[in-house]
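Topology and contacts: notes
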Amino acid sequence: MTTHTLPVGAARRRGVAAARARHSLGRVLAVLARSVALFVPVFLVATFVTFALRSLSGLSPARIQLGENATPEAIARVEAQWGLDKPFLAQYGDWFSGVLHGQLGASWVNGADISTLIGLGLGVSLSVATFALVIGVVGGFVLGTVAALRRTTLLDRAITGLVTVISVMPPFVVGIVLVSVFAVGLGLFPSAGYVPAEQGFGPWLAHITLPALALSCDVVADVARQMRTGLVQAYGENYVTGAVVRGLGPRRIFFGHVLRNGLGPTLATLGLKFPALVGASVVTEWIFGLQGFGRFANDSAQAGDVPAVQGVLVVSIVLVVSFNLIVNLVLARVTPASQRGV
């Protein structure tokens, strides 16, 4: 009797585990398919609107290269060299074909390849934004979790007050303070500049730490608030009460039920955080002397370099969609306990 029961029980458990794995994989693939199906029309519409902005702006490479006093003949000659004498849809077709091949055109200001220029700046901004996101997620996770576990206590109120203060601190103010204290005062970090990771991990990390800390304040505040809210709500669900009744320990309840179900709001918040960190770092890059993606976008807009601005918008769209896809795939793995029959 016992000899047959154990293999049958083990086979049943393996069958249940395999069924859950197939269900989880199917859910992830469904999210991936929906995201891709949504990305294609969004990308087409966004790129079309982005390209149409050039026509609406009235800007021309001839005006930038020849000045405001250029003759109509000279303007027509320069615009023909840039293919601006073609019909609008033909211009869009040529530009979009280049975008699909990773070619964003040439700068109106200096004729340089925009893909190369964006790649140089994007490497800097991605390094800072990634580190800022890591700091924000770790710091916010710790603060939000502690506040939820000690909810309604003095520690919870202290963390809530700290998070409120952090959330209203502008990154450029934090950056100036960090430079004054840790770079100029203590000499622990460089005050400006950037060193690629290929030239040494230590120098690279030293140069991105202060700008990442300045950018991470908003992420810390948002993650902490969402973590506390999500965990407190999860603790009030029926499945947690059921787990307590079954005699499960606090640690198992937290990691097995509460944390997994409380992560949803936090992950959803992160969906737009990373692209926002990359694009909204103009002032921070000025403070720390970084030639990043945000500064390149700002300089291009001020110079009227429309192809460069269009390239920035395309890359921003790809960043937003890609990061949201990653977040949605992670969310697909975080199944509510009520749907898992716990």
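Reading the values: rules and limits
- Residues numbered from 1 in each chain as written.
- Predicted model: local features only at pLDDT ≥ 70, side-chain atom pairs only at ≥ 80, totals over all residues.
- Heavy atoms only, no water.
- Helix = DSSP H or I, 4+ residues; strand = E, 2+ residues; numbered from the N terminus.
- Buried < 20%, exposed > 50% of the residue type's maximum accessible area, 1.4 Å probe, protein only.
- Lys, Arg positive; Asp, Glu negative; His and termini not counted.
- Salt bridge = Lys/Arg side-chain N within 4 Å of Asp/Glu carboxyl O.
- Contact = heavy atoms within 4.5 Å.
- pLDDT = per-residue confidence, 0-100.
- Axes fitted to C-alpha atoms, helices over the stretch in contact; angles between N-to-C directions.
- Left-handed = near helix turned anticlockwise from the far one by under 90°.
- Nonpolar A, V, L, I, M, F, W, Y, C, P; charged D, E, K, R; others polar.
- Phe/Tyr/Trp six-rings, centres within 6.5 Å; stacked < 30°, edge-to-face > 60°.

Attention now goes to the side chain of R295. On the secondary structure map, R295 appears in helix α13 (residues 293-303). Buried and unpaired, R295 has no salt bridge, with D299 as the nearest side chain of opposite charge at 4.4 Å. Once residues lying within four places of it in the same chain are set aside, the contact partners of R295 are V282, E285, W286, G289 and L290.

When pLDDT is averaged along the protein, the result is 79; 85% of the residues meet or exceed 70. Of all the helices and strands in the protein, helix α15 (residues 337-340) carries the lowest mean pLDDT, 43, while helix α6 (residues 154-167) carries the highest, 89. Low pLDDT, under 50, characterises residues 1-6; the predicted model gives this stretch zero contacts beyond four residues in sequence or across chains. Contacts from residues 337-342, a stretch scored under 50 in pLDDT, to residues over four places away or in other chains number 13 contacts.

Before going further, it helps to examine the packing of helix α5 (residues 114-149) against helix α8 (residues 201-235). Axis angle and axis distance: for two packed helices, these are the angle between their axes and the distance between the axes, and together they describe the pair. Remark: α5 packs on α8, axes separated minimally by 4 Å, with the N-to-C direction vectors making an angle of 35 degrees. With respect to the hand of their crossing, α5 and α8 are arranged in right-handed fashion. For the contact of α5 with α8, a count of residues per class yields 26 nonpolar, eight polar and one charged.

For the coordinates displayed, the defined rule picks out nine aromatic pairs. Centroid distance F48 to F88: 5.7 Å. Interplanar angle 90 degrees. Geometry classified as edge-to-face. Taken together, the positions of F48 in helix α1 (residues 2-57) and F88 in helix α4 (residues 88-100) put the pair 40 residues apart, joining distant regions of the chain. Residue classification places F48 among the partly exposed residues on the basis of a relative accessible area of 35%. Relative accessible area serves as the criterion here: at 28%, F88 is assigned to the partly exposed category. On the basis of an interplanar angle of 40 degrees and a centroid distance of 6.2 Å, the ring pair of Y92 and W95 is categorised as tilted. In this pair, Y92 and W95 are both assigned in helix α4, three residues apart and thus about one turn of the helix distant. Classification of Y92 by relative accessible area gives buried; the value is 12%. Taking the relative accessible area as the measure of exposure, W95 reaches 10% and is therefore buried. A connected cluster of aromatic rings, assembled from ring pairs, spans F43, F48, F51, F88, Y92, W95 and F96.

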